[in-house]
Amino acid sequence: MTLPPEYSDESARSKFLEGVKKNWRGDAMPTDDALVQRGAESCALFGQGLTMGEIGERGGSTEVEWDNAGAIAVYASRTFCTEHNTDNL
């Protein structure tokens, strides 16, 4: 998947990655590019009307995976798809 230009903005990427990494649970953290890709996927899911909780549940089968997917979704909404900012809910 080719990402739109907003995902290449270094300032936005840095803010997104800092937030996700600060809240990541577990040892197996994906690469920065993989995290940004998952952030883009979260934005697409927000655009389809899914909630942060629903996006988190798609992240895997364990609580840690749900939490990590939720963190990706939250920070994506704060930096890449601000029209879906979960802070405004």
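You'll find the structure just up there.
Residues numbered from 1 in each chain as written. Predicted model: local features only at pLDDT ≥ 70, side-chain atom pairs only at ≥ 80, totals over all residues. Heavy atoms only, no water.

### Section: the packing of helix 1 (residues 10–23) against helix 4 (residues 63–79)
- Following both chains from N to C, one finds helix 1 and helix 4 inclined at 155 degrees, their axes separated by 9 Å at the closest point. By the angle class used here, helix 1 and helix 4 are roughly antiparallel. The handedness of the crossing between helix 1 and helix 4 is right-handed. Contacts from A12, K15, F16, G19, V20, K22 and N23 of helix 1 reach helix 4 at N68, A71, I72, Y75, A76 and T79.
- Residues belonging to the contact of helix 1 with helix 4 are distributed by class as follows: seven nonpolar, four polar and two charged. (Axes fitted to C-alpha atoms, helices over the stretch in contact; angles between N-to-C directions. Helix = DSSP H or I, 4+ residues; strand = E, 2+ residues; numbered from the N terminus. Parallel < 35°, antiparallel > 145°, perpendicular 65-115°, else oblique. Left-handed = near helix turned anticlockwise from the far one by under 90°. Contact = heavy atoms within 4.5 Å. Nonpolar A, V, L, I, M, F, W, Y, C, P; charged D, E, K, R; others polar.)

### A few points about the side chain of R13
- Along the chain, R13 turns up in helix 1.
- On the basis of relative accessible area, R13 is assigned to the buried category, the value being 14%.
- The contacts of R13, once residues within four sequence positions are left out, are Y7, S8, D32, D33, V36 and F80. (Buried < 20%, exposed > 50% of the residue type's maximum accessible area, 1.4 Å probe, protein only.)

### Section: the nonpolar core
- Ranked by internal contacts, the top residues of the largest apolar core, which has 21 residues, are F16, V20, L35 and F80.
- Elements that contribute at least two residues to this core include exactly helix 1, helix 2 (32–47) and helix 4.
- Ranked by residue count, the leading element in this core is helix 2, at six residues.
- Contacts of L35, omitting those with residues within four sequence positions, involve F16, L17, V20, K21, W24, M29, P30 and I72. (Core = buried A, V, L, I, M, F, W, Y, C linked by side-chain atoms within 4.5 Å.)

### Some words on the pattern of salt bridges
- Taken as a whole and judged by the stated rule, the model has four salt bridges.
- Note that D33 is salt-bridged to R13, the shortest N-O span being 2.9 Å. In this pair, D33 is assigned in helix 2 and R13 in helix 1, connecting sequence segments 20 residues apart.
- When the shortest N-O distance is used, the salt bridge between R25 and D67 registers 2.2 Å. Taken together, the residues R25 in the loop between helix 1 and helix 2 and D67 in helix 4 connect sequence positions 42 residues apart. (Salt bridge = Lys/Arg side-chain N within 4 Å of Asp/Glu carboxyl O.)

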